[in-house]
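What follows is each chain in one-letter form.
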Amino acid sequence: MRAEHPRLEAGLAALGIEVRSGTSLSELTSLGIGGTTDLLRITKHDSIPELIGLLEHHDIPYKFLGGGSNLLVGDGELPWVILQLAKPDPEIVLEGNFAHVDAAADLGRTVTFCAKHDLGGMEGLIGVPGTVGGALRMNAGAYGMQIGSYVRKVKLYRAAERKIEILSGEQISFEYRHTSFGPDDMMLAVTLELPSKPFKEILQGIRICNEKRRSSQPLGQKSAGCIFKNPPGASAGRMIDELGLKGLSVGDAKVSDRHANFFVNAGRASAKDMLTLISDVRGRVENAFGVKLENEVVVWNA
Ligand code: EPU
């Protein structure tokens, strides 16, 4: 989809939107898969309601991209433009035990920045790729913690209300890899309240989590993290492994040899390859265990 109408282009320029035409989503996703469209980079949160109005006026569908680390995007020319927040400077402002963080900030850098200021709690998230906004939307978690536990306030674009709102932590429900945000809501900024901890102690926790992750997950390869959510009381990775499916592939889409719930792009996998692999594995697990695995990865298919 192209944002090419002259009046639209003028409107976008007036809102300070930077247009990157013909961007390949394979460059913006950790899986390295995805077709081409125009990327619109938002430099001012306040411009969003007007931007959405402008796109709708010109009948241009859109999707909102975070860090692209839990996402499988379809192949070819995509039928929507992509909206993404540009990173502001500074991305994080600290105030006592509160960290005010822009949604575009990198999650790992946020964890280490806070650690250096003796604010801990998020050690488990250290190797999780993506932005703070993406982590917030899906309530990312690992090693017994989840980001939702530290959220005190969220600034977001409420798609249903068509306006920017601020919610308190109590107004949001955070569950396992799920939140009460609407599907089209855009995370803009968050205030986290983090416990005080000496940097050295936090660093120790970070090292332990890094070590665990390195020993069990295929970190150097292109993936979207875990493909499926864990069903209650079980591990999707263990079930897939028990069926002997590590290494199973469709084209260059492959079940990781290291962790069976990670599906990697081992070369030039297409979205079609990856989707076929996902549905094949889901079917085999259902036949063997009677459990229908639910996607953790978000699929944007044309
Ligand atoms: N296991 C296997 N074979 C495998 C993978 C795992 O036998 O190929 C076994 C492990 O040996 C272990 C058990 O399954 O006994 C659980 O494995 P692991 O500790 O790796 O945890 P997981 O349930 O597979 C979850 C999260 C990860 C998170 C880790 C650590 C989900 C879907 N996955 O994985 O999150 O990093 O715990 O807390 O919730 C993600 O969400 O993208 C993700 C990677």
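What you see is a predicted model, and the numbers here were worked out from it, not measured in a lab.

1. Describing the overall build of the chain
For step 1, the next point in the chain: Across its full length, the chain carries 7 helices and 18 strands.
For step 2, the next point in the chain: A compact globule built from 302 residues should have a C-alpha radius of gyration of about 19 Å, and the chain, at 20 Å, falls within 12% of that.
For step 3, the next point in the chain: Burial statistics for the chain: of 302 residues in total, 48% are counted as buried.
For step 4, the next point in the chain: Sequence-distant contacts, at least 24 apart, represent 65% of the contacts inside the chain between residues at least 6 apart.
For step 5, the next point in the chain: Averaging the positions of the 34 positive and the 36 negative side-chain charges in the chain gives two centres separated by 5 Å.

2. Some remarks on the site of the ligand
For step 1, the next point in the chain: If you check the shell around the ligand, you find 20 residues, and the closest are Y176, N230, R238, D241 and E296.
For step 2, the next point in the chain: R213 places a polar side-chain atom, nitrogen or oxygen, 3.5 Å from an oxygen atom of the ligand.
For step 3, the next point in the chain: One nitrogen or oxygen atom from the side chain of K246 is found 3.3 Å from an oxygen atom belonging to the ligand.
For step 4, the next point in the chain: Here the ligand has 810 Å² of accessible area as a free molecule, and 72% of this is covered by the chains.
For step 5, the next point in the chain: Per-element tally for the shell around the ligand: the top contributor is helix α6 (residues 236-242), with 3 residues.
For step 6, the next point in the chain: Here the residues of the shell around the ligand sort into 7 nonpolar, 7 polar and 6 charged.

3. Some details on the packing of aromatic side chains
For step 1, the next point in the chain: By the definition in use, this model includes 3 aromatic pairs.
For step 2, the next point in the chain: Ring centres of F174 and F181 lie 6.3 Å apart, and the angle between their planes is 80°; on these two criteria the pair is classed as edge-to-face.
For step 3, the next point in the chain: A relative accessible area of 7% means that F181 is categorised as buried.
For step 4, the next point in the chain: Centroid distance F228 to F263: 5.8 Å. Interplanar angle 85°. Geometry classified as edge-to-face. Of this pair, F228 sits in the loop between α5 (199-216) and α6 while F263 is found in strand β17 (residues 263-265), placing the two residues 35 residues apart along the sequence.
For step 5, the next point in the chain: Look at F228 and you get buried, because its relative accessible area is 1%.

4. Observations concerning the packing of helix α3 (residues 107-116) against α5
For step 1, the next point in the chain: The contact between α3 and α5 brings their axes to 8 Å, and the two run at 150°. Taken as axis vectors, α3 and α5 run roughly antiparallel relative to one another. Here V111, A115 and K116 of α3 come into contact with α5, specifically with F199, I202 and I206.
For step 2, the next point in the chain: Residues belonging to the contact of α3 with α5 are distributed by class as follows: 5 nonpolar, no polar and 1 charged.

5. Topic: the pattern of salt bridges
For step 1, the next point in the chain: Summed over all chains, the structure comprises 14 salt bridges.
For step 2, the next point in the chain: Residue R162 is joined to E56 by a salt bridge in which the shortest nitrogen-to-oxygen separation is 2.5 Å. With a gap of 106 residues between them, R162 in the loop between β10 (151-158) and β11 (163-168) and E56 in helix α2 (residues 48-57) connect regions that are remote in the sequence.
For step 3, the next point in the chain: For E91, the salt bridge is made with R109, and the minimal N-O distance between the two is 3.3 Å. One end of the pair, E91, is in the loop between β5 (81-85) and β6 (92-95); the other, R109, is in helix α3, and 18 residues separate them in sequence.
For step 4, the next point in the chain: Counted as one network, the salt bridges with shared partners bring together E18, R20 and R41.

6. What to know about unusual backbone geometry
For step 1, the next point in the chain: In this structure, P90 follows D89 across a cis peptide bond, with omega equal to 5°.
For step 2, the next point in the chain: With respect to the helices, strands and loops of the structure, P90 is situated in the loop between β5 and β6.
For step 3, the next point in the chain: Backbone geometry places D118, a non-glycine residue, at a positive phi of 60°.
For step 4, the next point in the chain: Turning to its location among the elements, D118 is positioned in the loop between α3 and α4 (132-138).

Analysis parameters
Just so you know, the residues in each chain are numbered from 1, in the order the chain's sequence is written. Selection of residues for local features in this predicted model requires a pLDDT of at least 70, selection of side-chain atom pairs for listing and counting requires 80 or more, and totals for whole chains, interfaces and linings are taken over all residues. No hydrogens and no water enter the side-chain calculation; it runs on all heavy atoms of the structure. Secondary structure elements are taken from DSSP: a helix is a run of H or I of four residues or more, a strand is a run of E of two residues or more, and numbering for both begins at the N terminus. Throughout, radius of gyration means the C-alpha value; the globule benchmark is 2.2 Å times the number of residues raised to the power 0.38. Exposed residues in this analysis have more than 50% of their type's maximum accessible area, buried residues have under 20%, and partly exposed residues fall in between, with area computed by a 1.4 Å probe over protein chains only. In what follows, residue pairs with any heavy atoms lying within 4.5 Å of each other are defined as contacts. His residues and chain termini do not enter the charge count, which takes Lys and Arg as positive and Asp and Glu as negative. The location of each charge is read from NZ of Lys, CZ of Arg, CG of Asp or CD of Glu. Near residues are defined by distance, with any heavy atom within 4 Å of the molecule or strand qualifying the residue. Here a polar contact means two N or O atoms within 3.5 Å. Within protein one must be a hydrogen donor candidate and the other an acceptor candidate, and residues neighboring in sequence count only if both atoms are side-chain atoms. In short, Shrake-Rupley with a 1.4 Å probe defines the accessible areas, and a residue's cover is counted only from the protein chains shown. Think of it as three bins: nonpolar holds Ala, Val, Leu, Ile, Met, Phe, Trp, Tyr, Cys and Pro, charged holds Asp, Glu, Lys and Arg, and polar takes everything else, Gly as well. The rule is short: rings of Phe, Tyr and Trp, with Trp giving its six-membered ring, pair when the centres are within 6.5 Å, and they are stacked under 30 degrees, edge-to-face over 60, tilted in between. The convention used is that axes are lines fitted to C-alpha atoms, helices contributing only their stretch in contact, and that angles between N-to-C directions extend from 0 to 180 degrees. Geometric relationships in this document are graded by angle, where less than 35 degrees denotes roughly parallel, more than 145 denotes roughly antiparallel, 65 to 115 denotes roughly perpendicular, and other angles denote oblique. A side-chain nitrogen of Lys or Arg and a carboxyl oxygen of Asp or Glu constitute a salt bridge if their distance falls within 4 Å.

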